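Residues per chain, in single letters:
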Amino acid sequence: MRANERRAAQQQRQIRNRLIILGVLFVVGLVGVALAAKFVTGKLHERSTTVRVDPTTMYTPVACTADMVDAEITTTGSTAGSPVTFTITLTNKSQDNPCYIDIGWSSMDVEIESGGQHLSSTAACEAGSESKQLLLNRDFSTSTTVTWDGSTSASGCSSGQGTATAGTYVANLTFAGDSAPSASKSFVLE
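Cut-offs applied
- Residues numbered from 1 in each chain as written.
- Predicted model: local features only at pLDDT ≥ 70, side-chain atom pairs only at ≥ 80, totals over all residues.
- Heavy atoms only, no water.
- Disulfide = S-S within 2.5 Å.
- Helix = DSSP H or I, 4+ residues; strand = E, 2+ residues; numbered from the N terminus.
- Buried < 20%, exposed > 50% of the residue type's maximum accessible area, 1.4 Å probe, protein only.
- Pairing = 2+ DSSP bridges.
- Contact = heavy atoms within 4.5 Å.

Participant: I'm lost on the state of the cysteines in this one. Help?
Facilitator: Put plainly, a disulfide is one covalent bond tying together the sulfur atoms of two cysteines. Applying the stated criterion across every chain yields a total of 1 disulfide. For Cys-64, the disulfide goes to Cys-99, at an S-S distance of 2.0 Å. Between Cys-64 and Cys-99 the sulfur-sulfur dihedral comes to about 85°; the bridge is accordingly right-handed. Placement of the pair is Cys-64 in the loop between β1 (62–63) and β2 (69–76) and Cys-99 in strand β4 (residues 99–102), with a sequence separation of 35 residues. Accessibility assignment for this pair places Cys-64 and Cys-99 in one class, buried.

Participant: Explain the pairing of β4 to me, please; I cannot follow it from the model alone.
Facilitator: In summary, the side chains of a regular strand alternate between the two faces of the sheet. Here β1 pairs with β4 via 2 bridges, running parallel. Bridge pairing links Ala-63 to Tyr-100 in β4. Direction of pairing for β4 relative to strand β7 (residues 133–136): antiparallel, over a ladder of 4 bridges. Each residue of the ladder has a partner; that of Ile-101, found in β7, is Leu-134.

Participant: Sorry if this is basic, but what is going on with the sheet that holds β4 here?
Facilitator: The strands making up a sheet associate through backbone hydrogen bonding, with each pair oriented either parallel or antiparallel. What the 3 strands build is an open sheet, ordered β1-β4-β7; its pairing is mixed. This sheet does not close on itself; its edge strands, each paired only once, are β1 and β7.

Participant: What's the story with the side chain of Asn-97 in this structure? I'm lost.
Facilitator: In this structure, Asn-97 sits in the loop between β3 (84–92) and β4. In contact with Asn-97, other than residues within four places in its own chain, are Thr-57, Met-58, Tyr-59, Thr-60, Val-62, Met-68, Asn-92 and Arg-138.

Have a look at this one:
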């Protein structure tokens, strides 16, 4: 009878150990399911709160600013008293939007100076269109020209006031507005 009792006690221990193992596996399984559910709901929430960019905003033109546009000015002509042509190259370096800028004389000016003294202004002489809107696409460059006839004046249009002599001059490109692009170019008249 003792052998039967030992066998029965051993079988009860084995059943108890199996029940403990099954209980532990059940608890681990529940924790795993809870963690997986939390992960999935977190990802769903993250996905629903992701900021979506409306692609049409990337094609809506905005006013050009100095941060968006590189302006460069080059000269052609180097004889004193003769016209000097300024080539103005504008490049929209923005990756976000196309931009527009007015290159008419009411907005764009090339001021000529020498030794810190104002000599002439292309806007004051009002050559060309008063307003000429230019649309620059992203990563796009374009050029326009402005001509200075070589005459000088302390203010206003310099036509017929005097003639620039040989020397070093500076052309300052400016646009109306505080945040507009600008550029300067030194050049020599012989």
